[in-house]
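# Coordinate analysis (summary)
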Amino acid sequence: MPDELTAVPSDPNPWFWHWCPPRGRWEGHATGNHDLISRRPLHLEPSLLWPCCGTHGWVRDGQWTPA
């Protein structure tokens, strides 16, 4: 994975990437409004919602769960 796409371990607000069908590309967004519960396995709260395409769900125990 390219360094620019790798999370910095000390960053309390990791970026989260998702495939955005309307834009036809990967979209990265900071998680500054979310709590990093655990880095390994990754767990963020509350749910993530992307306004660009409506993708909505949770990251818990290192897994994406759709809303």
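Look up a bit, the structure's there.
Structural notes, computed from the coordinates. (Residues numbered from 1 in each chain as written. Predicted model: local features only at pLDDT ≥ 70, side-chain atom pairs only at ≥ 80, totals over all residues. Heavy atoms only, no water.)

## Some remarks on the sheet that holds strand β3 (residues 35-38)
Two pairing modes exist for strands in a sheet, parallel and antiparallel, and in both the strands are linked by backbone hydrogen bonds. On the basis of which strands lie adjacent, the open sheet formed by four strands has the order β3-β4-β5-β6 and antiparallel pairing. Where the open sheet ends on each side, the last strands, each with one partner, are β3 and β6 (63-66). Adjacent strand axes in the sheet meet at a mean angle of 30 degrees when their direction is disregarded. Bridge analysis of strand β5 (residues 56-60) against β6 gives four bridges, and the strand direction is antiparallel. Counted as the bridge partner of Gly57 is Pro66 from β6. (Pairing = 2+ DSSP bridges. Helix = DSSP H or I, 4+ residues; strand = E, 2+ residues; numbered from the N terminus. Axes fitted to C-alpha atoms, helices over the stretch in contact; angles between N-to-C directions.)

## Remarks on the environment of Asp11
Within the secondary structure, Asp11 sits in the segment before β1 (15-20). Classification of Asp11 as partly exposed rests on a relative accessible area of 26%. Beyond its immediate stretch of four places on either side in the chain, Asp11 contacts Leu36 and Arg39. (Buried < 20%, exposed > 50% of the residue type's maximum accessible area, 1.4 Å probe, protein only. Contact = heavy atoms within 4.5 Å.)

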